[in-house]
Structure formats: C-alpha cells, structure tokens
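# Analysis of the macromolecular model
Residues per chain are reported as follows:
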Amino acid sequence: PSFSEDAIMTILVNRSFDNGKAMMNEDTPQNKAANWLIWEHDAAFLATYSDDILVQRYAMATIYFSLGGAAWLNNTNWLDSSVSECKWHLQSSHPCDHSTMEMTDVAMPQNFLRGSQIPAEIALLTKVKILDFSSNSIGGSIPTEIGFMTNLESVILSSNHLRGALPKELSRVTNLRILAVGNNRLASPESVVPSSTHNHAMNRHSGQPMFPAEFGPSLSNLVVLALSNNPTMGGAGCTIPSSLGQLTSLQKLDLHGTNPSGGLPSEIGLLTNLIHMEVPGSLQSPAPSELSNLRQLLSLSFAMDTTEIPSELGQMTSLVELKLKTTGGTLPPELGTLSNLEVLSAGECGLRGTIPPSFGGLSSLTSLDLSMTQVHTTIPTQLGQLTRLLHVDLHTKHDHMHLAEYQSILRGTIPSELGRWTRLTYLDVANTLLEGTIPSTLNALANLEVLQLAHTNLRGSIEQMVCDANRPPLLYSSANVDHVECSCCTENCVELGG
C-alpha cells in the first residue's frame, strides 16, 4: 500500500487507546513517533508495510521517545528510517517472526532505559511473547493496556522504579508463565486508591489482597511469580489472597521483602509443583499445616515474624536449602529428617532453645549457620555424623566481658566426634561460653582454612592441626584466649581480628 500523511494518521488514531489524543499534543513521545513515521520515511519503504507492521513501527518508536532512547547504552539502528524495526538493537538477535515480521521479543535489560512511564502503545505489539525491561530506571506504573498483549509469556520488569499496583488486566494474559517485578516500588491495590476515597478504603474490613485476586483463576500457566523487595506491597489489612492456591503451575514464588499482614493462606498447600519459595518476614499468623504438601520444594527462605517454626518443614523431604529468618521459635527436631538438605542458614535471627540431636541425620549438610542466635545449648555429639560439612558458623556477637550474663548462648565443650569433619574449611565458635580442652581429634581437620576461637574459654593445643608444613596458612583468631597453644602460628597462621 501507499500511505499518505492522512492515511497514516487515520491508521494510528484508530489503533490508539486514547483516540489519538496524546498523538495530537506537541512534544509527546506519541507525537514525535508519528511525525518521525510520516516525515522521515521514503514512500517506497513504507509501501512494503501492512497496516499492522506500520503500527508496530510506530509503537517501537514511541518506546524509544518515551524511555530516553537517545541515551541508551545500545540504540544501534533505532529510528533508522531505512532499517526494519526487526533489525533495531534488542537482546534477541531474532526479535521478529521470520514469516510475518511481527515482533515477538522486546528485551532490553540493563540498557539505561529511563522515563516516567512505559507507554500504553507497547500494547500495540500484540504478538510479543517476551517483554524484558529489567535493570533499568523506568518509573511510573505498569500500563493497564498490557492486558491486550495476550500472547505474552514473560513479563520481566524487575529492578526499576515502578510504582502503583499490579494491573488486574494482567489476568487476561492467560499464556503468562513468568511475572518478575521485584526490586521496584510497587504497592498493593488498596494503597493506590484515589485520595478522595482513601479514608473509606482504610476503613474497609481486613483481607484486601496484596496483588489482584484475579490472578488466581486466570494465570494457571504461571511458573514464576517474583514480587520481592517491593516494601510498599502490603500493609495493614492487606493479605496474600487465597486465590494464590489456584496458580498450580507455580515453581517459584518469591515474596521476600514485601509487607503483607496475616499469614500464609492454607491454599499454599495446593502449590505442589513449587521448587523455590521465599516467605515475607511481615507475616505473623502461624504457618498452615498444609505446608507439608510441598514435597517438591528444593529451596525455602522462611522469614515470618513468628514465635514458632512449623514442624511441617520436616516433611519437605526434597529440601536442599533452608534459610530461617524468624523473630523467635526453636529448631524443630523434625528438621533432622531432611536427608537431602545441604544448606541450613539461621544466622542473625531470634532462635532460642537447643540444637536437636536429630540434626545428626542431616547427612548431606555442607553448610550450617546458627550464628548470632539465642540458642542456649551444648554441641550435640551427633553432629559429628555430618561428614560432608564445609562451613560451620556458631559464633555470637556478645561482649566477652558479659558472656556469663547470657543464658542463651553456646556452652559446654567441643565434642571429640567433630574430628570427623575432615572436609571442613571454616569453623567459627567465637564469643561463646565453650570451654575445656580442644579435642585432639580436631587435628584431623587438614582442610581447615579459617578457625575462630576468640573470646572463648577453650584451652589445649592446635599445633598438629596447624604446623604441617604442607598445609596452606590458616586464618586464625584466638583473641583473649590465653590457653591455646600453637608454637608455629606466627609462621603458619594469618591472625584475624579478635
């Protein structure tokens, strides 16, 4: 077809979401894109375009003008009037369907995109399957028009400055598999109501969803839901909707750094395909017993504001990594059944109680971190069975002068059975009430690279452990420990701060 100025404007106005209003305002991105299309193209070039591809070219130009294209890290070929938009720089080398020349992949992560709003015209790219603007500096809200992009499979907008709520119109995108919008400033729907209705909204009953409840029944193909580090997503009376349980294809759920109230809905137990889950620290209600249904889970970060760590975690028998960031609670003995667990991290949280002897059953464990907790216990001899351990951190931050005042702290002696940790490279028991003689069996720890004994009451010799001329220097600290002998430490050790 041959396009006149009027013909082009008619096509663009008819396809626009605002009847061409933004296009008619001088100096808007839409106006600049339309003028570029009309005045900077050879008629013969545009004659090769269908109406759909003409609109596609306009939409891409609007993105350029809206998001500071002139300053992008790579804007090769963009707005070159003699080059197809399918050859403008994008992360994919083949962003268009070969036969139809329709855009299917618009990905520009880490490309210095900047602007106050993703333009609504992006939704004119109706065949796009992948939208990735992650790690840029884009502000504003996610346009509601995104609901027209029904072929989308991946929406990746993480690490920007986006505000507002997730648009409920995303529920129309039933092919969506990945929704990743973490590290933004997104809010829950209730927190972005107009100011005239704000007081009314604040007085509503609790239980408003932190993200659109419509997602549940519609986005049944969703595999990844990553909302992490949006601290304004949630708030008083804003909960995780029970419709979350309808996202039965989910394999990754990341709510870390969001702020919903209440607790995990019992429907979480319906997400039996979950492999990775991060629970936000703002939740206060006890965890539901249905957690035990998540038998495929490999990685769990559990950061609830709770005084009880659920024993049901012991039934997640596939777990490889468990991170606990609770404000209280004790370590359930049931965790000792997690024979596939490789990493148990519970440092710097409010744990109390003891280290269960059942932890000797964690036969795959390579890293154990119980540092700076309020555990008051001796080291169970059963831990000697953990022969795959590489890293053990049991230190506290308490001042040695006042250690005796603390009832919640590691105490007793080092069991001789720990000499079976022959793969160990890091051991930190500093600032504890450990006492007695260092067992000679620890001389078998030939792979040890870091040893922290500062501010303890330990005594004895570590010479056999350290003085082997064939071993690399040991990073060692024994500040305020006067009874540990090591004649070669000045040569074979690098002293750490106390």
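Let me begin by describing the structure that accompanies this report. These figures come from a predicted structure and were not determined experimentally.

Conventions we followed
- Residues numbered from 1 in each chain as written.
- Predicted model: local features only at pLDDT ≥ 70, side-chain atom pairs only at ≥ 80, totals over all residues.
- Heavy atoms only, no water.
- Helix = DSSP H or I, 4+ residues; strand = E, 2+ residues; numbered from the N terminus.
- Rg over C-alpha atoms; globule rule 2.2 N^0.38 Å.
- Contact = heavy atoms within 4.5 Å.
- Buried < 20%, exposed > 50% of the residue type's maximum accessible area, 1.4 Å probe, protein only.
- Polar contact = N/O pair within 3.5 Å; in protein donor to acceptor, adjacent residues only side chain to side chain.
- Pairing = 2+ DSSP bridges.
- 1 Å grid on protein atoms, 1.4 Å probe; cavity = no way out; pocket = protein on both sides within 12 Å on 5 of 7 lines; lining within 4 Å.
- Points joined across faces, edges and corners; volume = space filled by probe spheres on them.
- Nonpolar A, V, L, I, M, F, W, Y, C, P; charged D, E, K, R; others polar.

### What about the overall build of the protein?
Looking only at helices and strands, the protein has nine helices and 26 strands in total. Over its C-alpha atoms the protein spans a radius of gyration of 29 Å, topping by over 25% the 23 Å that the globule rule assigns to 498 residues. With respect to the three principal axes, the spread of C-alpha positions in the protein is 90 × 55 × 40 Å. When contacts within the protein are restricted to residue pairs at least 6 apart in sequence, those whose partners lie at least 24 apart make up 54%.

### Some points on helix α1 (residues 5-15)
Helical geometry note: an α-helix holds 3.6 residues per turn, so side chains three or four residues apart project in the same direction. Among the residues of α1, I8, M9, I11, L12 and V13 are the ones counted as buried. Of the surrounding secondary structure, the elements contacted by the buried residues of α1 are α2 (21-24), α3 (29-39), α4 (43-46) and α5 (51-66).

### Concerning the side chain of S188
Locating S188 in the fold gives a position in the loop between β6 (178-180) and α6 (198-202). A polar contact is formed between the side chain of S188 and the backbone oxygen of G234, at a distance of 3.3 Å. Excluding residues within four positions of it along the chain, S188 makes contact with A165, P209, M210, T232, M233, G234 and C238.

### Examining unusual backbone geometry
Positive phi outside glycine occurs at S135, with the angle close to 60 degrees. Turning to its location among the elements, S135 is positioned in the loop between β3 (130-132) and β4 (137-138).

### A closer look at the pairing of strand β23 (residues 457-461)
Burial along β23 is one-sided: the face carrying L458 and G460 is buried and the face carrying N457, R459 and S461 is not. With three bridges connecting them, strand β21 (residues 433-437) and β23 associate as parallel partners. Across the sheet, the residue bridging to E435 is N457, located in β23. Pairing analysis gives two bridges linking β23 to strand β25 (residues 484-485), with the strands arranged parallel.

### Quick notes on the sheet that holds β23
Pairing is parallel in the open sheet, where four strands are placed in the order β19-β21-β23-β25. Looking at which strands have only one partner, the edges of the open sheet turn out to be β19 (411-412) and β25.

### Observations concerning empty space enclosed by the protein
Under the definition given, this model contains one cavity of 30 Å³ or more. Contributing to the lining of the largest cavity are 13 residues, with L370, T373, V375, L394 and L410 lying nearest its centre. Class assignment of the residues belonging to the lining of the largest cavity gives a composition of seven nonpolar, six polar and no charged.

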